[in-house]
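Breakdown of the fold
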Amino acid sequence: MSSAEALTIPYEPPSWTKRLTCVPKRKIELAHPNTPIHKWTLPRVPEGFSVFIKRDDMTGSTLSGNKVRKLEFLLADAIDKGCSHLITCGSVQSNHCRAVAVAARQVGLTPHLFLRSDAEDVFDVGCEGNILLDRLCGAHIYLVPKICPYYTHLKPRMERLAQEILSRRGEKSYLFPVGGSNKIGLFGYINVFEELRQQNVMENFDDMVFACGSGGTASGLSVSNYLLGSKIRLHGIVVSNSEKHFYHHCDKTLQKVGLTDVSSKDLVNIVDGYKGKGYGQSTEEELDFICQVATSTGVLLDPSYTGKAALGMVKEMQKNPSRFKGKEILFLHTGGVYGLFDGRMSTVLQKKEDSQPSIKMWPDVEGPCPVDV
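Residues numbered from 1 in each chain as written. Predicted model: local features only at pLDDT ≥ 70, side-chain atom pairs only at ≥ 80, totals over all residues. Heavy atoms only, no water.

With that settled, the discussion passes to the sheet that holds strand S7 (residues 140–145). Taken in spatial order, the four strands of this open sheet run S7-S6-S5-S8, and their pairing is parallel. Both edges of this open sheet fall to S7 and strand S8 (172–175), since each of them pairs with a single strand only. This sheet shows a mean twist of 25° between the axes of neighbouring strands, independent of strand direction. Note that strand S5 (residues 83–91) and S8 share four bridges and pair parallel. Residue pairing in the sheet places Ile-87 in a bridge with Leu-175 of S8. Against the sheet, helix H2 (residues 95–106) contacts S5 and strand S6 (110–117), and its axis sits at roughly 165° relative to S6. Across the sheet, helix H4 (residues 150–169) touches S5, S6, S7 and S8, and the angle it forms with S5 is around 155°. (Pairing = 2+ DSSP bridges. Helix = DSSP H or I, 4+ residues; strand = E, 2+ residues; numbered from the N terminus. Axes fitted to C-alpha atoms, helices over the stretch in contact; angles between N-to-C directions. Contact = heavy atoms within 4.5 Å.)

Here we take up the sheet that holds strand S4 (residues 50–55). The six strands lie next to each other as S3-S4-S12-S9-S10-S11, forming an open sheet whose pairing is mixed. A strand with exactly one partner marks an edge of an open sheet, and here the two such strands are strand S3 (37–39) and strand S11 (269–271). Neighbouring strand axes in the sheet, compared pairwise and without regard to direction, differ in orientation by 25° on average. Across six bridges, the pairing between S4 and strand S12 (residues 328–333) is parallel. Within S12, the residue paired with Lys-54 across the bridge is Leu-332. Against the sheet, helix H8 (residues 243–256) contacts strand S9 (207–212), strand S10 (233–238) and S11, and its axis sits at roughly 150° relative to S11. Helix H10 (residues 306–319) contacts S4, S9, S10, S11 and S12 of the sheet and is inclined by roughly 165° relative to S12.

The structure is reproduced here in structure tokens:
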């Protein structure tokens, strides 16, 4: 048995998943489970609503967020298939790619990342945010045009690379799509739903809200909610692609795991209209909201996923409260904190400091105290 194989353990799925096909047999323990739920005094929430937050940003440090939940099953499957290389794709600031780079090195596999970028030269990509960790982990990075569809441009490149590695080195590669969102990665959030069940979420909340970026979290939660017969209403706030795209993705996933008698539109409410300028791009309002939330609650949201989703949730509460089943709302924080370090927050904070500086100079211990609180 190789050192990587020794890291996998048998997977015992929850009893309520027995209808599903393609149930993984093994997993790797990468995440710190049983992430807490607590009251969240989120600004701008209308009177009458009560918001709590599930801190799935606390699944680890460099492996924080929802992506590591999926990787517990994807990496175990890669090892079971005898693969030495992991090949995946995303944006330059992809949380998923960063988690793959870190997790791959932890278990002795080699990460290869196809990153969508506007960079015209390899030196233009920088070392900020998620890509700093990608580079620290020695991931092999391949820059591709920012507008690069998965099935026609990314997947063929990934397959060609895998073939080159096999022919040159005789080593197998494991390929998985954007966000690790496939029928194997699905079980990451099936596991989370069992965790939520044990935390009495179905009894204590009416609605659950989360960012919808690749469709994997939406699919896992939808399948679980359906199989358990839970009455909680799910809301995925779109931060990339479209409502139509995610319903199609979820329907395909349902079919792949043997649930052919139900439509995703009956299981999850996909909410469009809050992408702002588009995936990975931020409006001034979004960045100001992230600052406001951090200052008032100590919870760090990221610009690409949770910041947009939380702002979208608040706006829906304000203008469309009937969308929600009730007033007890759980927001699922899916991570992404390293996206805060890509430089875009600097302008917002510096602008804020120009009007209300919170940084004071105090050069002389005997001088006047510069306190202004």
